[in-house]
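Tertiary structure, described
Spelled out from the first residue to the last, the chains are:
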Amino acid sequence: MVEDTDSSGSYSMEELTVSYPELTEALFMEMDADASGEVSPEELTAAVDAGLIEE
């Protein structure tokens, strides 16, 4: 499970790499569908559903 350490409501690259050490910058950018610089819980769910990362 990913922890939102800064309580922003979304996940930074640093927060996601704790749970997904194989995460690359390119994959993070692909997951960040709205190009906000962070991955929302909905974007994370979509990435798991699409098979981009394993839960």
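Overview of the structure. As the structure is a prediction and not an experimental result, all values here were calculated from the model.

Cut-offs applied
Note on numbering: residues in each chain are counted from 1, in written sequence order. Totals for whole chains, interfaces and linings use every residue, but because this is a predicted model, local features are given only for residues with pLDDT of at least 70 and side-chain atom pairs only at 80 or more, for both listing and counting. Processing note: side-chain calculations cover all non-hydrogen atoms of the structure and skip hydrogens and water entirely. The nonpolar core is taken to be a set of buried Ala, Val, Leu, Ile, Met, Phe, Trp, Tyr and Cys residues, with the residues joined through side-chain atoms within 4.5 Å. Any residue under 20% of the maximum accessible area for its type is buried, any over 50% is exposed, and the rest in between are partly exposed; the area is computed with a 1.4 Å probe on protein chains only. Helix and strand definitions follow DSSP, with helices as H or I runs of at least four residues and strands as E runs of at least two, each counted in order from the N terminus. The contact criterion used throughout is that any non-hydrogen atoms of two residues lie within 4.5 Å. Buried and open spaces are told apart on a 1 Å grid over the protein atoms alone, a cavity being a set of points where a 1.4 Å probe fits but cannot get out and a pocket being an open set with protein on both sides within 12 Å along at least five of seven lines. Residues with an atom within 4 Å of a point are the lining residues. Grid points are joined across faces, edges and corners, and a volume is the space filled by probe spheres set on the points. Directions drawn from the helix axis to the C-beta atoms are what define this arc. Whenever a nitrogen or oxygen atom comes within 3.5 Å of another N or O atom, the pair is scored as a polar contact, on the condition that within protein one atom can donate a hydrogen and the other can accept it, and that pairs from neighbouring residues in sequence are kept only if both atoms are in side chains.

**Re the nonpolar core**
In this structure, Leu16, Tyr20, Leu23, Met31, Leu44 and Ile53 are the most contacted members of the largest nonpolar core, which totals 13 residues. Top contributing element to this core by residue count: helix H2 (residues 25-31), with three residues. Leaving out residues up to four positions away in the same chain, Leu23 has contacts with Met13, Leu16, Thr17, Phe28 and Met31.

**Quick look at the layout of surface pockets**
With a probe scaled to a water molecule rolled over the atoms, the places where space remains empty come into view. Within this model, the largest pocket holds a volume of roughly 240 Å³. Forming the boundary of the largest pocket are Met1, Val2, Tyr11, Ser19, Tyr20, Pro41, Leu44, Thr45, Val48, Asp49, Glu54 and Glu55. In terms of residue count, the dominant contributor to the lining of the largest pocket is helix H3 (residues 41-49) (five residues).

**Describing H3**
Among all positions of H3, only Glu43, Leu44 and Ala47 are buried. For H3, the angular spread of the buried residues around the axis is 100°, confining them to a single face. Along H3, the residues that are exposed and aim more than 90 degrees away from the buried face are Glu42 and Asp49.

**Topic: the side chain of Ser12**
Following the sequence through the fold, Ser12 ends up in the segment before helix H1 (13-19). The residues contacting Ser12, other than those within four sequence positions of it, are Phe28 and Glu38.

**Overview of the environment of Thr17**
Mapped onto the elements of the fold, Thr17 is located in helix H1. According to the relative accessible area criterion, Thr17 is partly exposed, its value standing at 27%. In the structure, Thr17 is positioned 13 residues away from Glu30 in sequence and 15 Å away in space, judged by C-alpha atoms. Among the polar contacts listed, one links the side chain of Thr17 to the backbone oxygen of Glu14, at a separation of 3.0 Å.

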